[in-house]
Amino acid sequence: SVVGWDWHQRQQRGDLAPVVEARGRQLDQFYASPDVEQAQRFLRQYDVSYVIVGQVERLWYAPEGLLKFQTGLAGTLEPIFENEQLTIYRVRQNALYAAAP
């Protein structure tokens, strides 16, 4: 998990709480922005293996930002589980690093 349980992490990290808050902002940008390249940089930076788009993400983030997941981030993501409320994507590491500038 890139952030974990935000409040718990901030409590436990003390002086490093601003790092947790910064990651939270980056995570928000990851889901909210329609920018595919920005999302790919985020995945590389944190070595993400799976992306979850469920009820919380659909309630919290605008559809324009979430649309990039449905299109697979230019071949970077593949759905490995889907139902009407949740999609779990696996990050195709080879495709992710091939897309790196």
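Above this text you will find the structure in question.
Let me sum up the structure you'll find in this document. These numbers were taken from a predicted model, which means no experiment stands behind them. (Residues numbered from 1 in each chain as written. Predicted model: local features only at pLDDT ≥ 70, side-chain atom pairs only at ≥ 80, totals over all residues. Heavy atoms only, no water.)

## Brief notes about the overall build of the protein
Phase 1: The helix and strand inventory of the protein stands at 7 helices and 3 strands.
Phase 2: When the elements of the protein are put in sequence order from the N terminus, they spell out α-α-α-β-α-α-α-β-β-α.
Phase 3: By the burial criterion, 35% of the 101 residues in the protein qualify as buried.
Phase 4: For the protein, the proportion of contacts with a sequence separation of at least 24, taken over those separated by at least 6, is 56%. (Helix = DSSP H or I, 4+ residues; strand = E, 2+ residues; numbered from the N terminus. Buried < 20%, exposed > 50% of the residue type's maximum accessible area, 1.4 Å probe, protein only. Contact = heavy atoms within 4.5 Å.)

## Examining the nonpolar core
Phase 1: Phe 30, Tyr 31, Leu 43, Val 51, Phe 69 and Leu 77 are the most contacted members of the largest nonpolar core, which totals 17 residues.
Phase 2: Elements supplying a minimum of two residues to this core: α2 (17–32), α3 (36–45), β1 (50–53), α5 (63–70) and β3 (87–91).
Phase 3: In this view, Phe 30 contacts Gln 38, Ala 39, Phe 42, Leu 43, Val 51, Lys 68 and Phe 69; residues no more than four positions away in its chain are not counted. (Core = buried A, V, L, I, M, F, W, Y, C linked by side-chain atoms within 4.5 Å.)

## A short note on the pairing of β1
Phase 1: Burial along β1 is one-sided: the residues Val 51 and Val 53 are buried and none of Tyr 50 and Ile 52 is.
Phase 2: Of the pairings in the sheet, the one linking β1 to β3 comprises 4 bridges and is antiparallel in character. Its bridge partner lying in β3, Tyr 50 is registered against Arg 90. (Pairing = 2+ DSSP bridges.)

## Some details on the side chain of Ser 33
Phase 1: Here Ser 33 lies in the loop between α2 and α3.
Phase 2: The exposure class of Ser 33 is buried, given its relative accessible area of 11%.

## Points about the packing of aromatic side chains
Phase 1: Applying the stated criterion across every chain, the model contains 7 aromatic pairs.
Phase 2: For the ring pair Tyr 31 and Phe 69, a centre distance of 5.5 Å and an interplane angle of 55° mean the geometry is tilted. One end of the pair, Tyr 31, is in helix α2; the other, Phe 69, is in helix α5, with 38 residues separating them in the sequence.
Phase 3: Their ring planes at 35° and their centres at 6.4 Å tell us that Phe 69 and Tyr 89 sit as a pair that is tilted. With Phe 69 in helix α5 and Tyr 89 in strand β3, this pair connects stretches of sequence that are 20 residues apart.
Phase 4: Among the aromatic residues, those joined into a ring-pair cluster are Phe 30, Tyr 31, Phe 42, Tyr 46, Tyr 61, Phe 69 and Tyr 89. (Phe/Tyr/Trp six-rings, centres within 6.5 Å; stacked < 30°, edge-to-face > 60°.)

## Comments concerning the sheet that holds β1
Phase 1: With respect to topology, 3 strands assemble into an open sheet ordered β1-β3-β2, the strand pairing being antiparallel. Each of the sheet's edge strands pairs with one partner strand only, and the pair in question is β1 and β2 (77–82). The mean angle between the axes of side-by-side strands here comes to 25°, regardless of whether they run parallel or antiparallel.
Phase 2: As paired strands, β2 and β3 are joined by 5 bridges and run antiparallel to one another. Its bridge partner lying in β3, Glu 78 is registered against Arg 90.
Phase 3: Sitting on the sheet, α5 touches β1, β2 and β3, and the angle it makes with β1 is about 135°. (Axes fitted to C-alpha atoms, helices over the stretch in contact; angles between N-to-C directions.)

That is the geometry; function is a separate question.
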